[in-house]
Amino acid sequence: MSLFDTILSALLPMVVTFLLGFVAAWRHDFGSKDAPTLNRMVLLYAVPLALFAGTVTTSRAALGQDIPLVIALCVAIMGLYCVVFLFSRLVFRMQVSTSALAALTASTPAVPFVGPAVLGDLFGGLSAIPVAIASLVINLTVVPITILLLALGSTAKDPHENTPVAQEGQHSASPHTSYASVFAAKLVETIKEPMVWAPILAFIIVLCGFHIPQLIVHAFSLLGQASGGVALFACGIVLASGTIKVNRSVLFFVFLKNIMQPALVLGALRWIGYGNPIVSEAVLTTAIPAMPIVIMLALHYRTAQAEAASAVFLSVMGSVVTMGIFIALTH
């Protein structure tokens, strides 16, 4: 199988699922009101089960096997997330919630969804290591942070919410105490989200060396496998209900995800002196397009829904070309 066939076989299902959602909405089988319902099922059940099953099958030996790869993926994902969030706030003057979604779009590859298919054909059994590392970094850091920021942003947009900030004029508490109370409340709400505590629980199980029977893991994986497909289907419904937004901010964040992130990883690792397989594994992991979870969170918190769907769609379509370029550069 050629490199192009490998990329196409992994990314074509994502494109087809987009189009199926679009056609379903065009035929009026589903409408914009159905997308949040599908999204709720994914966020509360499918994704937490997928994250738990994917994390709990990771071994401690695999995590400690390639320390340079761990560091490279942590810096590439978490570092870019922080930079994009600050840039969105300070330069584009976006709201906190929109900035968080933009940072998630630009920094997180869809490794849990298409990583095994793409990297498995390229690296064989070795692909389990970058997939596991990137999935853990994403699920334990930037996704919970994004959920917290979205929750805080939704509070700021609702002036009538019964929070210490909303009641600031009615109480004698200081503004610092009020905002600290809101943050603490939202932090507790975030931790209670199944999508947050499920991978954390699985990570603790891995660190403790406990073994979950494979039968249970398979039982969890069945519904978990539907998460990516349902999210992309809902994205197609959202796109059919509106228009694909191709503005400078959407194109900029897609450029960061598809081109800038893997290019920076490639340049940094080459400059330090590393070679393959670490370079190719790190670069191609970050070259994977944006995660469908961006769409799920946008729908759930009703924030920049059209922009999020458009960015993920353009990232997936563009990755057929950009991933081919980075495969050529690293092989």
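You'll find the structure just up there.
Quick caveat, the model's predicted, so the values are computed rather than measured.

Scoring rules and cut-offs
Residues numbered from 1 in each chain as written. Predicted model: local features only at pLDDT ≥ 70, side-chain atom pairs only at ≥ 80, totals over all residues. Heavy atoms only, no water. Helix = DSSP H or I, 4+ residues; strand = E, 2+ residues; numbered from the N terminus. Buried < 20%, exposed > 50% of the residue type's maximum accessible area, 1.4 Å probe, protein only. Contact = heavy atoms within 4.5 Å. Areas by Shrake-Rupley, 256 points an atom, 1.4 Å probe, with all protein chains shown as cover. Salt bridge = Lys/Arg side-chain N within 4 Å of Asp/Glu carboxyl O. Axes fitted to C-alpha atoms, helices over the stretch in contact; angles between N-to-C directions. Parallel < 35°, antiparallel > 145°, perpendicular 65-115°, else oblique. Left-handed = near helix turned anticlockwise from the far one by under 90°. Nonpolar A, V, L, I, M, F, W, Y, C, P; charged D, E, K, R; others polar. Patch = residues over 30% accessible without salt bridge, like charges linked within 9 Å, V, L, I, M, F, W, Y side chains within 5 Å.

Asks: Please clarify how the overall build of the chain should be interpreted in this entry.
Replies: Across its full length, the chain carries 15 helices and 0 strands. In the chain, which comprises 331 residues, the proportion classed as buried is 49%. Taking the contacts inside the chain whose residues are at least 6 apart along the sequence as the reference set, 84% of them involve residues at least 24 apart. For the chain, the accessible surface area stands at approximately 15,200 Å², while carbon and sulfur atoms represent 69% of it.

Asks: Got a minute to help me understand the environment of Ser97 in this structure?
Replies: Following the sequence through the fold, Ser97 ends up in helix H5 (residues 96-107). Look at Ser97 and you get buried, because its relative accessible area is 2%.

Asks: I tried to follow the pattern of salt bridges on my own but got confused; where do I start?
Replies: Opposite charge on two side chains permits pairing when their charged atoms draw close. Under the defined criterion, the tally for this structure stands at 2 salt bridges. Among the ionic pairs, Asp29 bridges to Arg27, the shortest N-O distance being 3.2 Å. According to the relative accessible area criterion, Asp29 is partly exposed, its value standing at 47%. The exposure class assigned to Arg27 is exposed, which follows from its relative accessible area of 53%.

Asks: What am I meant to see in unusual backbone geometry here?
Replies: Peptide bonds are, in most cases, trans, and in most cases residues other than glycine have a negative phi. With an omega of 10°, the peptide bond between Asn276 and Pro277 qualifies as cis. Assignment of secondary structure puts Pro277 in the loop between helix H12 (248-272) and helix H13 (278-286). In the Ramachandran plot, His28 falls in the positive-phi region, its phi being about 65° despite a non-glycine side chain. With respect to the helices, strands and loops of the structure, His28 is situated in the loop between helix H1 (3-26) and helix H2 (35-56). Look at His28 and you get exposed, because its relative accessible area is 70%.

Asks: For this particular structure, what's the right way to read H13?
Replies: In an α-helix, one full turn covers 3.6 residues, which means residues spaced three or four apart are oriented alike. Burial runs high along H13: 9 of the 9 residues are buried. Turning to H13, its buried residues number three or more, namely Ile278, Val279, Ser280, Glu281, Ala282, Val283, Leu284, Thr285 and Thr286.

Asks: Explain the packing of H12 against helix H15 (residues 305-330) to me, please; I cannot follow it from the model alone.
Replies: Following both chains from N to C, one finds H12 and H15 inclined at 30°, their axes separated by 7 Å at the closest point. Viewed along their axes, H12 and H15 adopt a mutual orientation that is roughly parallel. In this structure, the crossing between H12 and H15 has a hand that is right-handed. Contacts between H12 and H15 involve Val250, Leu251, Val254, Lys257, Asn258, Ile259, Pro262, Ala263, Leu266 and Arg270 from the first element and Glu307, Ser310, Ala311, Leu314, Ser315, Gly318, Ser319, Thr322, Phe326, Leu329 and Thr330 from the second. Broken down by class, the residue content of the contact of H12 with H15 amounts to 11 nonpolar, 7 polar and 3 charged.

Asks: Help me understand a nonpolar patch on the surface in this model?
Replies: A cluster of nonpolar side chains, Leu8, Leu12, Val16 and Leu20, forms an exposed patch at the surface whose accessible area comes to about 310 Å². By relative accessible area, which is 48% here, Leu20 ends up partly exposed.

Asks: What is the right way to look at the environment of Ala106 in this model?
Replies: Within the secondary structure layout, Ala106 lies in helix H5. For Ala106, a relative accessible area of 0% gives the class buried. The spatial distance from the C-alpha of Ala106 to the C-alpha of Ala311 is 9.3 Å, given a sequence separation of 205 residues.

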